[in-house]
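The residues making up each chain are set out below.
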Amino acid sequence: MGKLKYRNKLADMPSYDVVEREWDITVNANESGMNLPPLLEELVLSRLSRVAYNRYPNEELELLMEGISRNFGLGVENVLIGNGSSEIIEKLFYCFGGRGRKIVFPQPSFSMYHIYAKAAEAEVVPVDLSPEDYSLDIKKFVSVVNDSNAALCVICNPNNPTGNVCSLEDIEYIASHTSCAFLVDEAYIEFHGGSAVGLLKKYPNLIIARTFSKAYGLAACRCGYMLASSAITAMVAKSFMPYHMNTLTLVTADTVFQMRDEFVPRIQMAIAERRRMESLYSELTGFKVFPSNTNFVFLRYSKAPELNDYLVERGIGIRSFGKAPLLENCLRISMGNREENDIVYKAVKTFVLR
């Protein structure tokens, strides 16, 4: 067989490792520590029992879009649904990318941004966060966006993996001082509350991406949504294939969105657990805990790689960043249930005190 002719530079593409081992405790992917509430699970199964599996998705997509648009006081034409917010972000990078196009975002931030930009053949223009507290210099960010003539700028708010936030005033400053498309990735916004959705009607270049995977515990279903002007959604929609969402995901997400108030206690519980664990970890010698507004704790420890290896040996999966730029000796620990969090903390404390 002759040499296969793959797309140019495909071999140079980085990959995102999603292969997991069987952990005793999994707190490395910022997933919800709980499955669906029993009542909600019954409602989902009831609706799924009536699905016409021989038909392509249609009505189910419209129902979810209508529910989301109604909730935010927008039109259906302002909403797009994707397979997680990740697919939506990938499509935005594709739509605003291309050779010679520049995309600006802070680093460290969601690691997939670099991969999406490379796939879109766009040039990444990173803006480093402060190594002291991971804050973003907003005026510097705006200056880089404008000076580079960027096609797209992106803020993850709250930021993953550092957990900190830009204020709504900062978001509005960026939107009002830039002319390119401006994406605010709000994957963790339910744990913070300061959404930029209210700025959409004022700034037509603003785009919001959200997911069902974190606060609503639907990581297995892969569903997210985008809110933007009808002009933007109409163009970005061209990059999606027909029937790109499956009916099972749409039915589940629509049911969850209708019953989203059921998740408020769980979100509050995750926030309370994060605050409790931040307090406990901050008491350990050598630990620097950074304020987080998400469902995870972010910290720095001089023996982070060794601690990670120690936890791996005990069947505990956390996120270690190795020697990644600006993240050396940093760890991210997602919130599980209270028992899981205590087990993880006890193992960490044992390592520190040994």
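J.: When you look at unusual backbone geometry in this model, what are you seeing that I'm missing?
T.: Note: most peptide bonds trans; most residues except glycine with negative phi. Residue Pro158 is reached from Asn157 by a cis peptide bond, and omega for that bond is 0°. Mapping Pro158 onto the fold places it in the loop between strand S5 (152-156) and helix H6 (168-177). Going from Asn160 to Pro161, the amide bond is cis rather than trans, its omega being 20°. If you trace the backbone, Pro161 turns up in the loop between S5 and H6. One non-glycine residue, Tyr134, lies in positive phi territory at about 60°. Of note, Tyr134 is situated in the loop between strand S4 (123-128) and helix H5 (138-147). Of note, Arg222 is a non-glycine position whose phi angle comes to about 60°, a positive value. When you line up the elements, Arg222 lands in the loop between strand S7 (206-211) and strand S8 (224-227).

J.: Explain the state of the cysteines to me, please; I cannot follow it from the model alone.
T.: Any covalent bond linking the sulfur atoms of two cysteines counts as a disulfide. Within this structure, the stated rule accounts for zero disulfides. Distance from the sulfur of Cys223, which forms no disulfide, to the nearest cysteine sulfur (Cys221) is 7.9 Å. Classification of Cys223 by relative accessible area gives buried; the value is 0%.

J.: I'm lost on the pattern of salt bridges in this one. Help?
T.: Once their charged atoms are close, side chains differing in charge can pair, the charge on each being opposite to the other. Applying the stated criterion across every chain yields a total of 11 salt bridges. Between Glu90 and Lys91 there is a salt bridge, and its shortest N-O distance comes to 3.9 Å. With a closest N to O distance of 3.1 Å, Glu186 and Arg210 form a salt bridge. One end of the pair, Glu186, is in the loop between strand S6 (181-185) and S7; the other, Arg210, is in strand S7, with 24 residues separating them in the sequence. Members of the salt-bridge network, linked through shared partners, are Glu273, Arg276, Arg338 and Asp342.

J.: What should I look at first to understand the packing of aromatic side chains in this one?
T.: The description of an aromatic ring pair rests on the distance of the ring centres and on the angle between the ring planes. Tallied over the entire structure, the rule returns 22 aromatic pairs. Between Phe72 and Tyr225, the aromatic rings sit 6.2 Å apart at their centres with planes inclined by 40°, giving tilted as the arrangement. Of this pair, Phe72 sits in the loop between helix H2 (59-71) and strand S2 (79-82) while Tyr225 is found in strand S8, placing the two residues 153 residues apart along the sequence. One exposure class covers both Phe72 and Tyr225, and it is buried. Between Phe212 and Phe257, the aromatic rings sit 6.2 Å apart at their centres with planes inclined by 70°, giving edge-to-face as the arrangement. On the criterion of sequence distance, the pair formed by Phe212 in the loop between S7 and S8 and Phe257 in helix H8 (residues 247-258) is long-range, its members being 45 residues apart. On the basis of relative accessibility, which here comes to 1%, the residue Phe212 falls in the buried class. Under the relative-accessibility criterion, Phe257 is labelled buried at 5%.

J.: Can you walk me through the packing of H5 against H6 in this structure?
T.: The axes of two packed helices give the description: the angle between them and the distance between them. One can describe the packing of H5 onto H6 by two numbers: an axis separation of 10 Å at closest approach and a directional angle of 25°. When the interaxial angle is binned, H5 and H6 end up roughly parallel. Crossing geometry of H5 relative to H6 is assigned as right-handed. Here Ile138, Lys139, Phe141, Val142 and Asn146 of H5 lie close against H6, whose contacting residues are Asp170, Tyr173, Ile174 and His177. Class assignment of the residues belonging to the contact of H5 with H6 gives a composition of five nonpolar, two polar and two charged.

J.: Help me understand the pairing of S5 in this model?
T.: Each regular strand displays side chains that alternate between the two surfaces of the sheet. The buried fraction of S5 amounts to five of the five residues, a majority that puts the element mostly inside the structure. Alternating positions in S5 separate into two faces, Leu152, Val154 and Cys156 on one and Cys153 and Ile155 on the other, with burial throughout. Of the strand pairs in this sheet, strand S3 (residues 102-107) and S5 are connected by two bridges, and their pairing is parallel. Pairing of Val104 across the sheet is with Cys153, part of S5. Judged from the five bridges that link them, S5 and S6 form a sheet pairing that is parallel. The residue of S6 that forms the bridge with Ile155 is Val184. You can see the chain leave S5, run along H6 and come back into S6, and the turn it takes is right-handed.

J.: Would you mind going over the sheet that holds S3 with me for this structure?
T.: Strand pairing in a sheet is mediated by backbone hydrogen bonds. Such pairs are either parallel or antiparallel. The strand order S2-S8-S7-S6-S5-S3-S4 describes an open sheet built from seven strands, whose pairing is mixed. Edge positions in the open sheet fall to S2 and S4, since each of these has one partner strand only. Strand-to-strand, the axes of this sheet are offset by a mean angle of 20°, without reference to chain direction. Contacts from helix H7 (residues 230-237) reach S2, S7 and S8 within the one sheet, and its direction differs from that of S2 by about 35°.

J.: Mind showing me how you'd approach H7 here?
T.: Working note: α-helix, 3.6 residues per turn, so residues spaced by three or four point in the same direction. Where H7 is concerned, the buried positions are Ile232, Thr233 and Val236. Angularly, the buried residues of H7 cover 95° about the axis, an arc narrow enough to put them on a single face. Opposite the buried face of H7, at more than 90 degrees from it, the exposed residues are Ala231 and Met235. Considering only its buried residues, H7 is in contact with S2, helix H3 (84-96), S7 and S8.

Calculation rules
- Residues numbered from 1 in each chain as written.
- Predicted model: local features only at pLDDT ≥ 70, side-chain atom pairs only at ≥ 80, totals over all residues.
- Heavy atoms only, no water.
- Helix = DSSP H or I, 4+ residues; strand = E, 2+ residues; numbered from the N terminus.
- Disulfide = S-S within 2.5 Å.
- Buried < 20%, exposed > 50% of the residue type's maximum accessible area, 1.4 Å probe, protein only.
- Salt bridge = Lys/Arg side-chain N within 4 Å of Asp/Glu carboxyl O.
- Phe/Tyr/Trp six-rings, centres within 6.5 Å; stacked < 30°, edge-to-face > 60°.
- Axes fitted to C-alpha atoms, helices over the stretch in contact; angles between N-to-C directions.
- Parallel < 35°, antiparallel > 145°, perpendicular 65-115°, else oblique.
- Left-handed = near helix turned anticlockwise from the far one by under 90°.
- Contact = heavy atoms within 4.5 Å.
- Nonpolar A, V, L, I, M, F, W, Y, C, P; charged D, E, K, R; others polar.
- Pairing = 2+ DSSP bridges.
- Right-handed = clockwise from strand over helix to strand, strands pointing away.
- Arc of directions from axis to C-beta.

Structural measurements only, silent on function.
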